[in-house]
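A structural walkthrough
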Amino acid sequence: MSLKSSSLKQLALQKFKKNFWGVFSLCFIGFVGLVSVFAYVFAPDNSQYANQMHLAIHSKRPGYSVNMLTLPSALETNQNLFDKLLFGRKNTDTEIPISEYYIDKETLTYTEYASDGLEGVKKTIPLSRFPNGDASQFIKEKTFLFGTDKYGRDLLSRVLVGARISFFIGFVAVFISLVIGVFMGSIAGYFGGKVDAVIMWIINVTWSIPTLLLVIAITLALGKGFWQVFIAVGLTMWVEVARVVRGQIISTKEMQYVTAARALGFSDYRIITKHILPNIMAPVIVISAANFAAAILIESGLSFLGIGAQPPMASWGAMIKDHYNYIILGKPYLALIPGLCIMSLVMAFMLVGNALRDALDVKG
Amino acid sequence: MSYLINKIAYAILTLFGVVTVIFFLFNVLPGDPAQMMLGQNEDSEQLATVKQKYGFDKPLSTQYFYYLNDLLPISFHSNQAEDYTFLRAGKYVASPLFTIGNTTTVLKLPYLRESFTKQGKKVSQVLGETLPNTFVLAVSAILIAIMLGVILGIVSALYKDQWLDKSIQIFSTLGMSVPSFFSAILFAWFFGFVLHKYTHLEMTGSLHELDDFGEAMHIKWKNLILPAVVLGIRPLAVVIQLMRNSLLEVFNQDYIRTARAKGLSEFQIIKKHAVKNALNPVVTAISGWFASMLAGAVFVEYIFGWNGLGKEIVNALNTLDLPVIMGAVLVIAVLFVMINILVDLIYVWLDPKVKLK
């Protein structure tokens with residue numbers, strides 16, 4: 001084998017691959033990403049937001065199973081497959097947990113499930129409610145791997161669907177922060193002088209307001225909801241990106257290749273985008289990984305306070321908010337599972353960030 | 001000296017920006033603030049009175065100047081009783097300086113307006129009651145973080161890449177990844193409920209609690225332990241990392257080699273030469289952390305029922321008590337800016353190499 005000179009990118013990649021925890025975390029993130037995109041495929045409860053409630057069987061332990069009668073919905077749905085996969089099934093059927101049933105010639109008689117030793121209500125319905133009059137197909141034993149939440153929804157499905165918000169807020173917030181941050185940082189660093197002073201002032205002002213409170217203020221101004229949180233988080237995180245980009249550009253500006261580009265008469269735009277930015281991307285990438293983690297933390301916090309994603313949307317933070325009272329009622333897992341999810345995803349992003357920092361040789 | 005004056009001037013400019021941002025963020029709200037204050041049972045007459053009293057009937061730019069006027073220590077006030085800026089007794093704590101025509105110029109404490117929901121209680125009073133509690137909490141948390149963090153950071157650096165270092169690293173990364181509300185829930189549950197028999201700690205509780213007879217307020221330091229530890233986790237994690245990395249860097253310096261050559265013991269080297277030089281980045285980081293901890297205390301105070309600024313913010317959020325939120329954000333921003341100036345000074349003291357520019 002002849003010696004090949006590798007580019008900086010290849011060197012960094014080689015270094016990254018050697019970092020076990022970095023690679024492991026990246027795989028984990030990829031896995032969570034896949035789960036969040038295909039959440040409704042994996043989720044046992046594929047109704048929209050995994051919101052199929054069965055109040056009779058609320059807060060059951062993990063692994064709980066019950067016979068479930070499904071009454072087909074009378075409404076026609078004209079949802080295409082793609083929509084169903086991405087956004088969950090709408091117009092869902094009614095599900096009734098039952099303790100016993102028997103089928104006559106014409107009717108189905110069932111006893112509704114009732115917990116705490118209570119007698120369930122007995123009901124009789126005609127078999128004609130079911131397609132082909134075949135009722136037994138609509139009674140299945142349903143197992144709830146993670147148990148059910150306080151509305152009797154499948155916790156596993158909620159956790160899977162909840163991954164989406166955490167994951168996408170990271171993407172959107174990092175994207176917004178990159179667009180604004182790189183732009184502001186570049187012009188501040190490159191042009192200096194008054195432009196720099198004004199941008200630094202904006203940065204300092206944003207910096208002085210604690211992120212959480214600024215996000216709260218922006219969400220109050222824009223209204224509750226998850227898109228607002230996306231934008232609010234992005235609008236607060238650009239500051240760090242801008243500071244780093246500005247600092248880097250100031251030190252790169254005096255490099256000979258920039259002087260050379262200037263001597264060749266290239267436009268400022270071309271010099272910044274083609275010559276400077278590609279050379280200072282490393283710290284920006286590292287900061288983005290940290291921002292990704294920070295965005296997930298902030299979103300979960302906002303949802304915990306009830307100003308993030310609004311019900312019935314599933315979000316890990318909101319799930320903890322709903323269930324942390326159950327922690328002393330002997331059902332701590334209801335709050336622990338979503339909490340551990342947030343923790344592991346945030347930790348994965350931090351470890352990837354650390355691995356990238358080592359691989360790209362950025363001083364932290 | 002001129003360095004300090006420059007710093008303070010810039011700080012004031014920054015705070016002006018903060019005030020502007022806060023004012024406009026809270027005034028583009030979709031709802032009508034006068035209606036928010038009165039709740040459901042308002043009539044149009046009351047609505048008009050409230051609007052006039054708080055200046056909501058004026059254009060936004062006028063309201064903005066009123067807001068600035070309320071906040072400035074030196075402000076201008078009309079002599080006409082129906083004007084918003086009239087020096088009403090009990091509204092401002094002010095001493096008049098001089099009067100020109102219809103306007104009086106006064107020296108006063110910044111006026112943060114009145115709470116929407118607490119029957120016109122002054123925001124400054126609300127903050128004055130809660131801020132000390134948060135301050136106690138934040139200072140305890142920072143002390144825990146610095147003391148444990150510096151020690152663990154030194155241990156980590158000394159045993160670099162050995163299992164002790166690796167476990168401390170894992171602990172530190174973990175500490176940075178846990179949302180503070182989640183760690184608060186975990187700690188309250190585990191130490192206040194599961195291990196209650198052994199720890200005798202309560203799940204919730206504030207610094208000042210009524211005694212069993214409901215007569216007098218008592219200070220309960222016991223209640224400080226859990227919230228302070230939880231609030232300290234994240235800064236602790238950061239301090240460990242910073243201390244370890246900066247100590248490793250210091251170990252490569254010439255003066256450490258000289259100290260070793262002199263035959264000083266390892267303990268002496270660390271104590272006398274390494275730690276003080278490695279502390280700089282820690283101090284800088286703490287400055288950034290202190291103010292964000294006042295904000296981060298939101299979750300911790302909420303879960304532990306600690307009567308501080310954070311719990312007040314959550315309450316105000318639920319009742320849409322905007323003046324309280326605005327006041328809280330402003331106070332934290334002022335503290336942040338002041339701490340930054342202070343830290344710059346400490347930095348100079350710690351590291352004479354940093355020149356005063």
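Residues numbered from 1 in each chain as written. Chains lettered and ligands numbered in written order. Predicted model: local features only at pLDDT ≥ 70, side-chain atom pairs only at ≥ 80, totals over all residues. Heavy atoms only, no water.

1. Quick word on the overall build of chain B
Looking only at helices and strands, chain B has 13 helices and 5 strands in total. A buried classification covers 46% of the 357 residues belonging to chain B. Put simply, of all contacts in chain B between residues at least 6 apart along the chain, 67% involve residues at least 24 apart. As displayed, chain B offers around 18,100 Å² of accessible surface, 65% of which is attributable to carbon and sulfur atoms. (Helix = DSSP H or I, 4+ residues; strand = E, 2+ residues; numbered from the N terminus. Buried < 20%, exposed > 50% of the residue type's maximum accessible area, 1.4 Å probe, protein only. Contact = heavy atoms within 4.5 Å. Areas by Shrake-Rupley, 256 points an atom, 1.4 Å probe, with all protein chains shown as cover.)

2. Observations concerning the overall build of chain A
When helices and strands are tallied, chain A shows 13 helices and 5 strands. In summary, chain A has a C-alpha radius of gyration of 27 Å against a globular reference of 21 Å for 364 residues, an excess of more than 25%. In chain A, which comprises 364 residues, the share counted as buried stands at 51%. Considering only residue pairs separated by 6 or more positions, chain A has 71% of its internal contacts joining residues 24 or more positions apart. In the structure as shown, chain A presents an accessible area of about 18,000 Å², 62% of it carried by carbon and sulfur atoms. For chain A, the distance from the average position of its 32 positive side-chain charges to the average position of its 23 negative side-chain charges is 12 Å. (Rg over C-alpha atoms; globule rule 2.2 N^0.38 Å. Lys, Arg positive; Asp, Glu negative; His and termini not counted. Charge placed at Lys NZ, Arg CZ, Asp CG, Glu CD.)

3. Details of the packing of helix α5 (residues 155–191) of chain A against helix α13 (residues 333–360) of chain A
Residues and elements named next belong to chain A. At a closest axis distance of 11 Å, the pairing of α5 and α13 adopts a crossing angle of 35 degrees. The way α5 lies across α13 gives a crossing that is right-handed. Contacts between α5 and α13 involve Leu 155, Val 159, Ser 166 and Phe 167 from the first element and Tyr 333, Leu 334, Ile 337, Cys 341, Leu 345 and Phe 349 from the second. A class-by-class count of the residues in the contact of α5 with α13 yields 9 nonpolar, 1 polar and no charged. (Axes fitted to C-alpha atoms, helices over the stretch in contact; angles between N-to-C directions. Left-handed = near helix turned anticlockwise from the far one by under 90°. Nonpolar A, V, L, I, M, F, W, Y, C, P; charged D, E, K, R; others polar.)

4. Focus: the confidence of the model for chain A
Regions with low pLDDT should not have their predicted coordinates read in detail. Of the residues in chain A, 95% reach a pLDDT of 70 or more, and the chain-wide mean stands at 84. Mean pLDDT across the secondary structure elements of chain A bottoms out at helix α4 (residues 81–87) of chain A, with 77, and peaks at helix α6 (residues 193–208) of chain A, with 92. (pLDDT = per-residue confidence, 0-100.)

5. Quick notes on the pairing of strand β3 (residues 107–112) of chain A
Residues and elements named next belong to chain A. Counting buried positions over the 6 residues of β3 gives 5, a clear majority of the element. With 5 bridges connecting them, strand β2 (residues 94–103) and β3 associate as antiparallel partners. Bridge pairing in β3 links Glu 100 to Thr 111. The turn linking β2 back onto β3 is made up of 3 residues. Strand direction decides the pairing type here: β3 and strand β4 (residues 122–126), joined by 5 bridges, are antiparallel. Within β4, the position partnered with Thr 109 by the bridge is Thr 124. (Pairing = 2+ DSSP bridges.)

6. A few points about empty space enclosed by the protein
Summed over the entire model, instances satisfying the criterion amount to 1 cavity of 30 Å³ or more. Around the largest cavity sit Leu201(B), Glu202(B), Thr204(B), Gly205(B), Lys222(B), Asn223(B), Ile225(B), Leu226(B), Pro227(B) and Phe304(B), which together line it. (1 Å grid on protein atoms, 1.4 Å probe; cavity = no way out; pocket = protein on both sides within 12 Å on 5 of 7 lines; lining within 4 Å. Points joined across faces, edges and corners; volume = space filled by probe spheres on them.)

7. A few points about the sheet that holds strand β3 (residues 103–108) of chain B
Residues and elements named next belong to chain B. With antiparallel pairing, the 3 strands of this open sheet are ordered in space as β1-β3-β2. The open sheet has two edge strands with one neighbour each: β1 (74–78) and β2 (94–100). Neighbouring strand axes in the sheet, compared pairwise and without regard to direction, differ in orientation by 30 degrees on average. Strand direction decides the pairing type here: β1 and β3, joined by 5 bridges, are antiparallel.

8. Thoughts on the side chain of Asn204(A)
Looking at the secondary structure, you find Asn204(A) in helix α6. Judged by its relative accessible area of 18%, Asn204(A) is buried. Ignoring sequence-local partners within four residues, the contact set of Asn204(A) consists of Arg243(A), Tyr10(B) and Thr14(B).

9. Overview of the packing of aromatic side chains
Under the criterion given, the structure shown has 26 aromatic pairs over all chains. Consider the rings of Phe187(B) and Phe191(B), whose centres lie 5.4 Å apart with planes at 40 degrees: the pair is tilted. Here Phe191(B) and Phe187(B) lie together in helix α7 (residues 180–194), a separation of 4 residues that amounts to about one turn. Relative accessible area serves as the criterion here: at 28%, Phe191(B) is assigned to the partly exposed category. Residues Phe190(B) and Phe191(B) carry aromatic rings whose centres are separated by 5.3 Å and whose planes lie at 90 degrees to one another, so their mutual orientation is edge-to-face. Of note, Arg243(A) hangs over the ring of Trp207(A), and the distance from its end group to the ring centre comes to 4.1 Å. Above the plane of the ring of Phe266(A) lies Arg270(A), whose end atom (NZ or CZ) is 4.3 Å from the centre. (Phe/Tyr/Trp six-rings, centres within 6.5 Å; stacked < 30°, edge-to-face > 60°. Lys NZ or Arg CZ within 6 Å of the ring centre and 35° of its normal.)

10. Here's the deal with the sheet that holds β4(A)
Residues and elements named next belong to chain A. The 5 strands are arranged β4-β3-β2-β1-β5 in an open sheet whose pairing can be described as antiparallel. Bordering the open sheet on either side are β4 and β5 (139–144), each of which pairs with just one other strand. Pairwise comparison of adjacent strand axes, ignoring direction, gives a mean angle of 55 degrees for this sheet.

11. Quick word on the pairing of strand β1 (residues 64–71) of chain A
All names here are of chain A. Of all 8 residues making up β1, 6 are buried, and the element is well covered by its neighbours. Bridge count for β1 against β2 is 5 bridges, and the pairing is antiparallel. Across the sheet, residue Asn 67 finds its bridge partner in β2, namely Ile 98.

12. Observations regarding helix α4 (residues 60–71) of chain B
Spanning 12 residues, α4(B) covers 17 Å between terminal C-alpha atoms, matching the ideal 16 Å at 1.5 Å per step. Every buried residue belonging to α4(B) is among Gln63(B), Tyr64(B), Tyr66(B), Tyr67(B), Leu68(B), Asn69(B), Asp70(B) and Leu71(B), and all of these are buried. (Expected span 1.5 Å × (residues − 1).)

13. A look at the nonpolar core
Side chains of nonpolar character tend, in soluble globular proteins, to be buried together. Ile216(A), Val233(A), Phe304(A), Leu305(A), Ile320(A) and Phe26(B) are the most contacted members of the largest nonpolar core, which has 145 residues in total. A total of 17 residues in this core trace back to one element, the largest contributor, which is helix α11 (residues 266–304) of chain B. Those residues in contact with Phe26(B) that lie beyond four places of it in its chain are Ala217(A), Leu220(A), Leu322(B), Ile325(B) and Met326(B). In terms of nonpolar packing, the next biggest core, distinct from the first, is built from 14 residues, Ile249(A), Ala261(A), Ile276(A) and Val284(A) among them. (Core = buried A, V, L, I, M, F, W, Y, C linked by side-chain atoms within 4.5 Å.)

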